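Fold and contact review
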Amino acid sequence: MGFVLALLPLAWLVWAAFANQLGANPAEALIRSLGDWTIRFLVLVLAITPLRTVTGWVALARLRRMVGLFVFFYACMHLLAYAWFDMEFSVPGIVDDVIKRPFILVGFLGWLLLLALAATSFNRAIRAMGAKRWQMLHRAVYAIAGLAVLHFFWMRSGKNDFAEVAVYAALFAVLLGWRLWRRLSKPRAV
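Anyway, here's the lowdown on the structure attached to this text. A quick note: this is a predicted structure, and the numbers were derived from the prediction, not measured.

Concerning the packing of aromatic side chains
- Considering all chains together, one arrives at 13 aromatic pairs under this definition.
- With 4.8 Å between their ring centres and 25 degrees between their planes, Phe-153 and Phe-162 make a pair best called stacked.
- Since its relative accessible area comes to 27%, Phe-162 is described here as partly exposed.
- An aromatic cluster is built from Phe-3, Trp-37, Phe-41, Phe-70, Phe-73 and Tyr-74, whose rings are joined through pairwise contacts.
- The ring of Trp-37 has Arg-40 sitting right over it, with the charged end atom 4.5 Å from the ring centre.

See below:
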């Protein structure tokens with residue numbers, strides 16, 4: 001059920017594209033919408049642990065990996081839409097754009113980190129790396145959250161429209177602050 005729900009945004013975007021419902025610039029709407037869904041799923045994956053802890057609903061932990069993989073999926077769709085509609089799959093053009101435009105560089109760095117997390121999200125990778133190293137790598141999700149907000153901020157700075165950026169920054173601050181508070185409030189073994 002969760003898998004189907006996570007695919008609904010993509011299904012709606014595909015339908016909207018074919019039904020000519022994406023506005024005057026459908027390519028831009030598609031790229032931006034896929035980016036929006038990436039950051040929404042990132043908020044959701046970071047919210048799972050606090051929700052599980054507060055509610056005691058242990059079953060939420062089983063959703064974390066799937067939601068995390070959907071973060072990567074929507075990030076890939078966002079990158080694919082950019083490469084296709086903005087750059088027409090021109091690798092030299094994409095490389096030049098990544099170098100010239102800081103918000104694209106930051107987004108690409110976030111995608112590379114997501115790639116590392118997705119590639120190691122399977123049980124075999126956890127066993128091969130060892131739980132401690134695997135957990136250290138997967139803490140990169142916090143850096144990814146920062147890169148996502150920075151990518152979004154720089155992208156919106158051209159239009160001087162930061163309201164939505166502030167919402168996501170606040171959500172990430174609360175979710176990461178909760179983790180920091182929990183870590184600092186744990187009694188230390190002497």
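A look at the pattern of salt bridges
- What the rule picks out here adds up to 5 salt bridges.
- Asp-96 is the salt-bridge partner of Lys-100, the closest N and O atoms lying 3.5 Å from each other. Separated by 4 residues within a single helix, Lys-100 and Asp-96 lie in helix 4 (residues 91-100), roughly one turn from each other.
- Since its relative accessible area comes to 56%, Lys-100 is described here as exposed.
- When the shortest N-O distance is used, the salt bridge between Arg-156 and Asp-161 registers 3.2 Å.
- Here the salt bridges share partners, and the residues they tie into one network are Arg-156, Asp-161 and Glu-164.

Cut-offs used in this document
- Residues numbered from 1 in each chain as written.
- Predicted model: local features only at pLDDT ≥ 70, side-chain atom pairs only at ≥ 80, totals over all residues.
- Heavy atoms only, no water.
- Phe/Tyr/Trp six-rings, centres within 6.5 Å; stacked < 30°, edge-to-face > 60°.
- Buried < 20%, exposed > 50% of the residue type's maximum accessible area, 1.4 Å probe, protein only.
- Lys NZ or Arg CZ within 6 Å of the ring centre and 35° of its normal.
- Salt bridge = Lys/Arg side-chain N within 4 Å of Asp/Glu carboxyl O.
- Helix = DSSP H or I, 4+ residues; strand = E, 2+ residues; numbered from the N terminus.

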